[in-house]
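Structural overview
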Amino acid sequence: MATKFKGYMGNMLKVNLSTGEVSEFDVTDRDRELYIGNKSLATKILMDNQKAGIDPLSPEAMLIVNTGPLTGSNAPCTSRFNVSAKSPLTGAIGASNCGGDFGVQLKRCGYDGIVITGKADKPVYIDITEKGAEIKDASHLWGLDTEKTQEALSPKTGKLVIGPAGENLVKYACLISQERAAGRCGLGAVAGSKNLKALQAKGAKKIEAADPEGFKKAVKSWIDMLKSHPTTGETLPKYGTANLVNPINLSNALPTANFSRGRYEDAEMISGETLAEKYLVKNMGCLSCPIRCGRVVEVDGKQVKGPEFETLGLFGSNILNNDLALINKWNRQMDLLGLDTISCGNTIGFAIELTQKGMLKSDLKFGEFGWMEQLLEDIAHRRGIGNDIAEGSRAMARKYGGEEFAINARGLEVACYDPRSSVGMGLGYAVSNRGGCHINAGYMIFMERTGPVTMDPYSSASKAAWTVFQQNIFEAVSASGNCIFTTYAIMHKVLHRINKRGLLSKIISKVLGVSGLAMDHTAMILPWGMPINMPVMIPHSLVIGKLTGMKMTLGKFLQAGERGYNIERMFNVREGAAQDTLPGRFMNEKLDPKRPPLKAAMAKMLPGYYKVRGWDATGVPKKKKLAKLGIGISASK
Amino acid sequence: MDKPEVTVRFYTALRARAGTDEIACRAASVRGVLRYLKSNFGNDFNKTLNSCHIFLNEENIVFLRGASTKLKDGDTLHILPPTGGG
Ligand code: SF4
């Protein structure tokens with residue numbers, strides 16, 4: 001065993017598809033302690049082993065599929081594994097988290113991850129067992145959709161595959177495992193560029209815990225906590241992420257007609273409530289998940305995965321479509337083709353507006369969708385106008401104009417929240433390492449709009465510090481192999497009982513609004529300032545400690561998140577992809593006539609954010625900060 | 001003079017507890033609606049109601065006058081439990 005820590009399998013594979021060579025890839029225990037796993041550790045590996053400035057679709061580009069210590073451990077919501085590479089869509093760090101069964105099976109084979117380089121001279125798949133990895137011919141799989149590909153591989157293996165979109169290098173092609181997607185950043189295209197159609201893994205090795213009894217006990221209380229919490233125990237299981245359609249619409253933040261409005265008069269028709277009432281067959285969960293936020297709906301007589309909130313918004317309100325049955329259908333089609341629904345929907349919205357303004361010749365229209373199914377096929381196969389849309393909104397704007405209403409940040413299409421109604425979300429989108437991603441942004445809309453205690457969504461006060469806190473905790477949770485939806489329980493269920501119109505609620509809102517300085521100091525004193533665990537709110541650090549045997553505390557856990565966020569930033573700095581901007585529509589156009597667009601708030605929040613982060617005025621981490629986090633002083637080999 | 005007639009819409013868990021997506025009621029202010037709801041729905045509903053976000057038409061009442069916000073005929077109140085997702 002190449003590690004002293006339990007929870008990890010201690011080995012990683014390296015596969016060079018050009019030479020066919022399969023070898024071991026070494027990771028040090030120091031890096032495991034510093035970066036935990038998944039996206040943070042993958043970025044560390046990319047920084048140490050991949051040359052700066054490479055073409056992400058070239059053979060020398062690395063594609064990393066890896067796990068965290070919690071992946072497959074039976075702690076709640078821990079099927080999560082990660083796919084990382086330089087993103088062909090953004091040129092920045094690309095990382096995407098997935099809840100399918102591939103990661104768990106990979107670990108059961110005895111591997112924490114696989115680093116893939118090179119390019120096969122014909123289509124291949126990688127078959128992983130306890131004996132290692134074999135590169136096998138996938139000519140018979142090339143051209144198949146993601147479902148048929150999985151069906152054609154060996155039964156009862158964990159699989160990760162691309163569809164036609166990945167094969168055709170669509171810049172936002174995803175990878176699919178079961179029906180779960182590693183959706184964002186175009187990592188399916190990176191696999192496609194290597195002629196890599198799929199990976200499959202099957203093993204029977206056990207994931208051991210350092211303190212089995214302590215681990216079991218901590219896991220049991222964690223599951224109880226999630227099941228009894230209003231968000232993770234009721235709202236998400238019953239309504240899925242689709243529950244957000246109505247609240248986000250009422251918050252004037254539901255993208256409508258390519259983000260030109262924040263409210264859609266037919267929001268109820270595409271809402272989680274309507275989905276539950278008219279289309280839901282049952283809910284479903286990733287392995288070991290007590291929350292089960294996934295939807296099962298029927299499309300063409302078959303039970304399939306239903307749409308997430310983002311898909312409902314971007315294929316609903318954002319293109320003026322109130323027909324939820326159509327969204328179910330398109331969602332299924334995109335999963336089969338291997339397309340990221342967020343980037344795809346957002347770019348289609350942009351193409352419609354370009355057409356409406358006479359800047360693009362096409363048949364695309366808001367509110368009429370006879371063309372949609374054909375267009376999705378054309379995007380995945382890069383035909384006609386589909387070939388342009390396959391490049392994403394930033395590239396399309398460079399060709400056709402309309403940059404101010406091409407709704408992306410760092411080249412990644414922005415998710416389904418208009419930040420003009422949640423300014424912290426705007427800051428998050430701008431600085432997010434992977435670009436316009438709501439999660440990597442810090443998901444401030446929860447603090448500003450939807451959560452049990454809220455901050456003023458139009459005020460910039462304290463937003464920088466809270467964004468940093470949220471980003472760090474999400475990073476650490478993802479690094480550990482856990483689903484970030486477990487973090488909703490951080491707002492203890494007691495907070496959900498506070499009378500929103502009472503004095504206490506008002507005091508909490510006021511305190512949150514002036515808490516920036518305190519939060520700032522919290523970040524500064526990590527980890528020795530928090531040498532404890534707080535399982536009633538953040539059980540993650542305690543459970544990781546019990547599983548791995550690491551001396552994990554809440555402070556160390558949050559600092560690992562901070563370290564992950566900083567090394568991702570360093571990757572972007574190195575690749576020349578660290579400009580923190582938002583589209584002109586957000587900065588300069590009013591969404592609500594009574595409220596300003598984001599320009600003024602951004603001018604206040606951005607320098608504050610850099611300061612809290614310990615970055616210089618251009619957004620580059622200072623040497624002192626990197627040294628404090630131990631970035632650059634550990635070796636991956 | 002009669003108090004204004006308003007529509008009250010419920011969402012997610014609150015809709016499930018109310019057993020309906022909307023009701024009509026007469027009240028002069030948001031506080032009046034809350035009082036009406038508390039006396040007409042059960043305990044579970046009321047527990048959830050306390051923590052809910054309330055919008056009057058298109059504006060969160062925290063940006064108006066909170067529970068003291070006055071209502072007029074034809075207004076719609078939207079009441080939503082806190083939530084998450086993503
Ligand atoms: S909460 Fe949802 S996304 Fe997260 S692990 Fe569970 S089912 Fe998967």
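Here we take up the site of the ligand. Surrounding the ligand, one finds Cys-77, Arg-80, Arg-180, Gly-285, Cys-286, Cys-289, Ile-291, Arg-292, Cys-293, Cys-483 and Phe-485 of chain A. A class-by-class count of the residues in the shell around the ligand yields seven nonpolar, one polar and three charged.

Moving on, we come to the state of the cysteines. Following the criterion strictly, the structure yields zero disulfides over all chains and no others. Its sulfur unpaired, Cys-344 of chain A is 10.0 Å from the next cysteine sulfur, which belongs to Cys-174 of chain A. Given the relative accessible area of 0%, Cys-344 of chain A is considered buried. Between Cys-52 of chain B, a free cysteine, and Cys-25 of chain B, which holds the nearest cysteine sulfur, the sulfur-to-sulfur gap is 15 Å. For Cys-52 of chain B, a relative accessible area of 0% puts it in the buried group.

Residue and element names in this part refer to chain A. With respect to burial, helix H22 (residues 540-548) is a largely interior element, seven of its nine residues being buried. Elements in contact with the buried residues of H22: helix H7 (212-227), helix H19 (463-480) and helix H23 (554-574). Phi turns positive one or two residues past the end of H22, at Gly-549, with a value near 90°.

What follows deals with the environment of Lys-227 of chain A. Residue and element names in this part refer to chain A. Tracing the sequence through the fold places Lys-227 in helix H7. Here the alpha-carbon distance between Lys-227 and Val-514, two residues 287 residues apart in the chain, equals 32 Å. Residues within four places of Lys-227 in sequence aside, it is in contact with Gly-233 and Pro-290.

Here the focus is the pairing of strand S12 (residues 196-201) of chain A. All names here are of chain A. Judged by how many residues are buried, S12 sits mostly within the fold: six of six residues are covered. Sheet topology places strand S7 (residues 124-129) next to S12; five bridges connect them, and they run parallel. Paired with Ile-128 across the bridge in S12 is Ala-201. As defined by bridge partners, strand S9 (residues 158-161) adjoins S12 across four bridges and the pair is classed as antiparallel. Along S12, the bridge assignment pairs Lys-159 with Gln-200.

Turning next to the interface of chain A and chain B. Listed per partner, the contact involves 39 residues of chain A and 28 residues of chain B. Summed over both partners, the interface of chain A with chain B buries about 2,700 Å², with 53% contributed by carbon and sulfur atoms. A per-residue breakdown of the area chain A buries against chain B is headed by Leu-250, Arg-263 and Arg-501 of chain A, which together make up 25% of the total. Arg-263 of chain A is paired through a salt bridge with Glu-58 of chain B; the nearest N and O atoms lie 3.1 Å apart. Where chain A packs against chain B, one counts 14 residue pairs in polar contact (both at pLDDT 80 or more). Contributions of two or more residues to the side of chain A that touches chain B are made by helix H8 (230-239), helix H9 (245-250) and helix H18 (445-450) of chain A. For the side of chain A that touches chain B, the element with the highest residue contribution is H8 of chain A, accounting for six residues. Class assignment for the residues of the side of chain A that touches chain B results in 14 nonpolar, twelve polar and 13 charged.

Below, the discussion takes up the packing of aromatic side chains. Residue and element names in this part refer to chain A. Taken as a whole and judged by the stated rule, the model has 19 aromatic pairs over all chains. Both rings, one in Phe-259 and one in Phe-586, keep their centres 5.7 Å apart while their planes meet at 65°; by these two values the pair is edge-to-face. Placement of Phe-259 in the loop between H9 and helix H10 (272-279) and of Phe-586 in helix H24 (residues 584-588) is noted, with a sequence separation of 327 residues between them. An aromatic cluster is defined as three or more aromatic residues linked by ring pairs; in this entry it consists of Phe-309, Tyr-417, Tyr-443, Phe-446, Phe-485 and Tyr-488.

Quick notes on the rules
- Residues numbered from 1 in each chain as written.
- Chains lettered and ligands numbered in written order.
- Predicted model: local features only at pLDDT ≥ 70, side-chain atom pairs only at ≥ 80, totals over all residues.
- Heavy atoms only, no water.
- Near = heavy atom within 4 Å.
- Nonpolar A, V, L, I, M, F, W, Y, C, P; charged D, E, K, R; others polar.
- Disulfide = S-S within 2.5 Å.
- Buried < 20%, exposed > 50% of the residue type's maximum accessible area, 1.4 Å probe, protein only.
- Helix = DSSP H or I, 4+ residues; strand = E, 2+ residues; numbered from the N terminus.
- Contact = heavy atoms within 4.5 Å.
- Pairing = 2+ DSSP bridges.
- Buried area = accessible area lost by both parts, 1.4 Å probe.
- Salt bridge = Lys/Arg side-chain N within 4 Å of Asp/Glu carboxyl O.
- Polar contact = N/O pair within 3.5 Å; in protein donor to acceptor, adjacent residues only side chain to side chain.
- Phe/Tyr/Trp six-rings, centres within 6.5 Å; stacked < 30°, edge-to-face > 60°.

By themselves these figures say nothing about function.
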